[in-house]
Amino acid sequence: MSQKDSIEKYIRPDLTGFGGYSARISPDTLEGKVEVPVDTIIKLDANENPYGCSPAVSKALASYDEYYVYPDDGQTKLRKLLAGYCGVDEKYIVAGGGSNQLIDLILRLFLNRDEEVINCVPTFGIYKFSTDLCGGKLVEIPRKDNFDIDIAAVQAAVTDLTKVVFLANPNNPTGNIISEVDIRDILGTGVVVVVDEAYCEFSRQTVVPLIEEYGNLIVLRTFSKWAGLAGLRVGYGLFPPEIADYILKIKIPYNINAAAMVAVEASLKDIDYLESMVEKIIDERERLFTELEKISWLKPYPSQANFILCKVEKGNALQLRQKLQEKGILIRYYDDTILRDYVRISVSKPEHTDALMNVLRNI
Ligand SMILES: *Cc1c(COP(=O)(O)O)cnc(C)c1O
């Protein structure tokens, strides 16, 4: 027996075929593969904020001098700041290393092996990733043709084994929103409903005011998109207070690093600046949509987020992704049974829209 066999046999059998999550490629890895210098690559593939973080964040990080001290495990100051931003009491709040970490913690807290998680596909890939990793069973409920959630089908799918329903609002990658009435209907099933509001600063819709009304509602938020802090990994959730206490107990100690805490504080002090960048992105989203509509072989879907999903109606999505990549423009493509020949394009600066449209018009 080789040494490799001897250690692999100890791995959980349900994980030996685990697919992992295909994170976006880093521009650094494209050196020599694209026609432009890598530092001019336009990233429209991960819904990052093209304006970056607030300049106040860079200043605060440069002058912070306590990196040698462990951060506050209880997140006391951070929870207070986040509670202020959301307009709720801090007992509802827990921060995570990205909201992705909170998705993992929620499933670890609620899910026994083979218990069920309802997922309204197509949607964000991490819900499946974390369900699989926790040994749960994913129940996929297809969305309607316009990507609205099939509320009746979700309600009908709830069984004694169902623990959690995930609802991304707006949804990634489709960009559409769910109405509050529909969310209330799903909350009525009584199972844990996670409303992922990663893009709510762009849609200006939130169910945070319902948090005191429903004991089974969790709302997830992040600083990765609107606040331009994707690289520092900081998100947060609003939980029923007794659940917030459990999440605080089961999280890895010191899960939010000192730099992230400093960055959140500086960001929340510079909200007007960040809001004005969000405003620019929303304006550009509308312009990009109008421009994409002019391309005869692309069908863009209206979006309330900072990206636009398009159906590629002639040719295929992979070829389109390749073509744009050669020109130094990165986008996300989908080619599976749920989304066959679709691309998702992040909204960026006006000059990036122009560069993209130049390539698209000449295909
Ligand atoms: C980008 C995104 C997130 C953010 O994840 P972080 O871990 O906070 O960076 C969460 N949910 C959805 C639907 C997203 O698209």
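In case you missed it, the structure is sitting above this.
Anyway, here's the lowdown on the structure attached to this text. Predicted, not measured: the structure shown is a model, and the values here were computed from it. (Residues numbered from 1 in each chain as written. Predicted model: local features only at pLDDT ≥ 70, side-chain atom pairs only at ≥ 80, totals over all residues. Heavy atoms only, no water.)

Counting its secondary structure elements, the protein contains 13 helices and twelve strands. Scaling as 2.2 N^0.38, a compact globule of 363 residues should have a C-alpha radius of gyration of about 21 Å, and the protein matches this with 21 Å. Seen through its principal axes, the protein has C-alpha atoms that stretch 60 × 55 × 50 Å. Counting every atom, the protein has about 16,800 Å² of accessible surface; 50% of that belongs to carbon and sulfur. The distance from the centre of the 41 positive side-chain charges to the centre of the 52 negative ones in the protein is 3 Å. (Helix = DSSP H or I, 4+ residues; strand = E, 2+ residues; numbered from the N terminus. Rg over C-alpha atoms; globule rule 2.2 N^0.38 Å. Areas by Shrake-Rupley, 256 points an atom, 1.4 Å probe, with all protein chains shown as cover. Lys, Arg positive; Asp, Glu negative; His and termini not counted. Charge placed at Lys NZ, Arg CZ, Asp CG, Glu CD.)

Here we take up the site of the ligand. Around the ligand, 13 residues are found, and the nearest of them are Asp196, Tyr199, Thr222, Ser224 and Lys225. Separating an oxygen atom of the ligand from a side-chain N or O atom of tyrosine 199 is a distance of 2.6 Å. Here an oxygen atom of the ligand sits 3.4 Å away from a polar atom, N or O, in the side chain of lysine 225. Here the residues of the shell around the ligand sort into four nonpolar, six polar and three charged. (Near = heavy atom within 4 Å. Polar contact = N/O pair within 3.5 Å; in protein donor to acceptor, adjacent residues only side chain to side chain. Nonpolar A, V, L, I, M, F, W, Y, C, P; charged D, E, K, R; others polar.)

With that settled, consider helix H11 (residues 271-293). With 23 residues, H11 extends 33 Å between its outermost C-alpha atoms, agreeing within 8% with the 33 Å of an ideal straight helix rising 1.5 Å per residue. Those residues of H11 lying buried are Ile271, Leu274, Met277, Val278, Ile281, Ile282, Glu284, Arg285, Leu288, Phe289, Glu291 and Leu292. (Expected span 1.5 Å × (residues − 1). Buried < 20%, exposed > 50% of the residue type's maximum accessible area, 1.4 Å probe, protein only.)

Turning to its location among the elements, threonine 189 is positioned in the loop between helix H7 (180-187) and strand E6 (192-196). Residue classification places threonine 189 among the partly exposed positions, given a relative accessible area of 26%. Along the backbone, threonine 189 and leucine 288 are 99 residues apart, and their C-alpha atoms lie at a distance of 39 Å.

In this structure the tally under the stated criterion is 22 salt bridges. Here lysine 327 and glutamate 35 are joined by a salt bridge, their closest N and O atoms 3.2 Å apart. Of this pair, lysine 327 sits in the loop between helix H12 (317-326) and strand E11 (329-335) while glutamate 35 is found in the loop between helix H1 (3-8) and strand E1 (42-44), placing the two residues 292 residues apart along the sequence. Owing to a relative accessible area of 38%, lysine 327 belongs among the partly exposed residues under this scheme. With a closest N to O distance of 3.6 Å, lysine 137 and glutamate 116 form a salt bridge. (Salt bridge = Lys/Arg side-chain N within 4 Å of Asp/Glu carboxyl O.)

This brings us to the side chain of glutamine 75. With respect to the helices and strands, the residue glutamine 75 is situated in the loop between helix H2 (55-63) and helix H3 (76-86). A polar atom in the side chain of glutamine 75 sits 2.9 Å from the backbone nitrogen of alanine 95. Contacts of glutamine 75, omitting those with residues within four sequence positions, involve Val94, Ala95, Leu248, Lys251, Asn255 and Ile256. (Contact = heavy atoms within 4.5 Å.)

A cis amide bond links valine 121 with the next residue in sequence, proline 122, at an omega value of 0°. As for its position among the elements, proline 122 is in the loop between strand E3 (116-121) and helix H5 (126-133). With an omega dihedral of 15°, the bond running from asparagine 172 to proline 173 counts as a cis peptide bond. Tracing the backbone through its elements, the reader meets proline 173 in the loop between strand E5 (162-168) and H7. Look at aspartate 114: it is not a glycine, yet its phi comes out positive at around 70°. Positionally, aspartate 114 belongs in the loop between helix H4 (99-110) and E3. Judged by relative accessible area, aspartate 114 falls into the exposed class, the value being 54%.

Attention now goes to the pairing of E5. Within E5, six of the seven residues are buried, which leaves it mostly tucked inside the rest of the structure. As defined by bridge partners, E3 adjoins E5 across four bridges and the pair is classed as parallel. Counted as the bridge partner of isoleucine 118 is valine 165 from E5. Sheet analysis places E5 next to E6, joined by five bridges and oriented parallel. For phenylalanine 166, the partnering residue across the bridge sits in E6 and is valine 194. Each parallel crossover has a hand, and for E5 linked through H7 to E6 it is right-handed. (Pairing = 2+ DSSP bridges. Right-handed = clockwise from strand over helix to strand, strands pointing away.)

All right, on to the pairing of E11 then. Counting buried positions along E11 yields five of seven residues, so the element is predominantly enclosed. With three bridges connecting them, E1 and E11 associate as parallel partners. Looking at E11, one finds that isoleucine 42 is bridged to isoleucine 329. Where E11 meets strand E12 (residues 340-346), four bridges bridge the pair, whose relative direction is antiparallel. Bridge pairing in E12 links aspartate 335 to arginine 340. In sequence, E11 turns back onto E12 through a hairpin of four residues.

In this fold, cysteine 53 is placed in the loop between E1 and H2. Judged by relative accessible area, which is 23%, cysteine 53 ranks as partly exposed. The spacing of cysteine 53 and serine 267 is 214 residues in sequence and 7.8 Å in space, taken between C-alpha atoms. With residues up to four places along the chain from it excluded, the contact list for cysteine 53 reads Ser58, Ala227, Gly228, Leu229 and Tyr273.

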